[in-house]
Amino acid sequence: MKLFNPSSKTYKEFLHGLAFIEFNVAAFILINIPFGCSVGELNRKRNGAPGLALPDLKECYDVFADEAKEESIFPAEVSGFKHAVDEFRSSLIHLVEKILRAFANYLNLQDQDYFIKEHSSILRDGIKKSYNFIRTNYYFPINPTGIVNPDKFGSNLRLGAHSDIGTMTFLFQDECGGLEVKLSNGEWVDIKPIKNSFILNGGFMLEVWSGGNLPAGPHRVRALSENFTRHRQSVGLFVQPDVTTEMQSLVSNKPNWEPAFSYNEGTTHYEFFKKVILYMSAK
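Values in this document were obtained by computation on a predicted structure and should not be read as measured data. (Residues numbered from 1 in each chain as written. Predicted model: local features only at pLDDT ≥ 70, side-chain atom pairs only at ≥ 80, totals over all residues. Heavy atoms only, no water.)

Draft legend 1. Spotlight on the packing of aromatic side chains. Tallied over the full model, the rule gives 14 aromatic pairs. Their ring planes at 45° and their centres at 6.4 Å tell us that Trp 257 and Tyr 263 sit as a pair that is tilted. For the pair Trp 257 and Tyr 263, one class covers both residues: buried. An aromatic cluster is defined as three or more aromatic residues linked by ring pairs; in this entry it consists of Phe 204, Trp 257, Phe 261, Tyr 263 and Phe 272. Above the face of the Trp 188 ring, Arg 220 is positioned so that its terminal group lies 4.0 Å from the ring centre. Geometry around Tyr 139 places Arg 232 over its ring, the cationic atom sitting 5.0 Å from the centre. (Phe/Tyr/Trp six-rings, centres within 6.5 Å; stacked < 30°, edge-to-face > 60°. Buried < 20%, exposed > 50% of the residue type's maximum accessible area, 1.4 Å probe, protein only. Lys NZ or Arg CZ within 6 Å of the ring centre and 35° of its normal.)

Draft legend 2. Representation of unusual backbone geometry in the model. In this model, Asn 108 sits at a positive phi of 55°, which is unusual for a non-glycine residue. The exposed category is assigned to Asn 108, whose relative accessible area is 66%. One non-glycine residue, Asn 256, lies in the positive phi region at around 60°. Tracing the backbone shows Asn 256 in the loop between β9 (232-239) and α7 (269-281). Using a relative accessible area of 75% as the deciding quantity, one classes Asn 256 as exposed. (Helix = DSSP H or I, 4+ residues; strand = E, 2+ residues; numbered from the N terminus.)

Dropping the structure here:
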């Protein structure tokens, strides 16, 4: 499977673009606001869970699938950045299709192409609309004399615990570390960075389709004490189904399943997506 070649010109253009965004986001934070949080992540509360009202100590830059065709959303100062983002996305598409087929096989679906049909936007370049997007996260250095003072927030979480709301997420992280995933027994485990690798997170749509048998894994980012003064950067491809896709269990529900989010059977993913985003933005 051909993914990004770390020695390629395209990869270097991609890193150059991220470095530009990182620099300008940091400058924006220092000039305009005391700390940076993307819209919908400021003072978030996931389903009213206690202890998650603190802001996420990061900023993000999103490129939605429809927007990716527009040159104007990319910084003109970085030559080749749009091409690099396009290559990053396209390098994962075939892998997305293979994984969706593997999930259908694992769940023993009668229609083995069901997931392929419900992801026509990302797999067939916009036959139907969806909210697939690429996001780069910039986590600020945490230092009493730096951008963010940890004593002010009383937490060493750069990103609060949450589950993704789409089908799955391909996540690439730098060597800073801090990403943790919650196991089914409640234990949080460290996901150490491995060079030239990615993490695959299952999202809530996959949890619903599987009746809770493939849960949307809760994850968070901690600021490790040895890396407080360092920034952290990650890049993710968030795979979402088509907006018309209905939320429904395709197999028998797991006994005592408690969904990561509340939802109504038969609701479209678009309605669910809108509800969650509006809920977070209001907090």
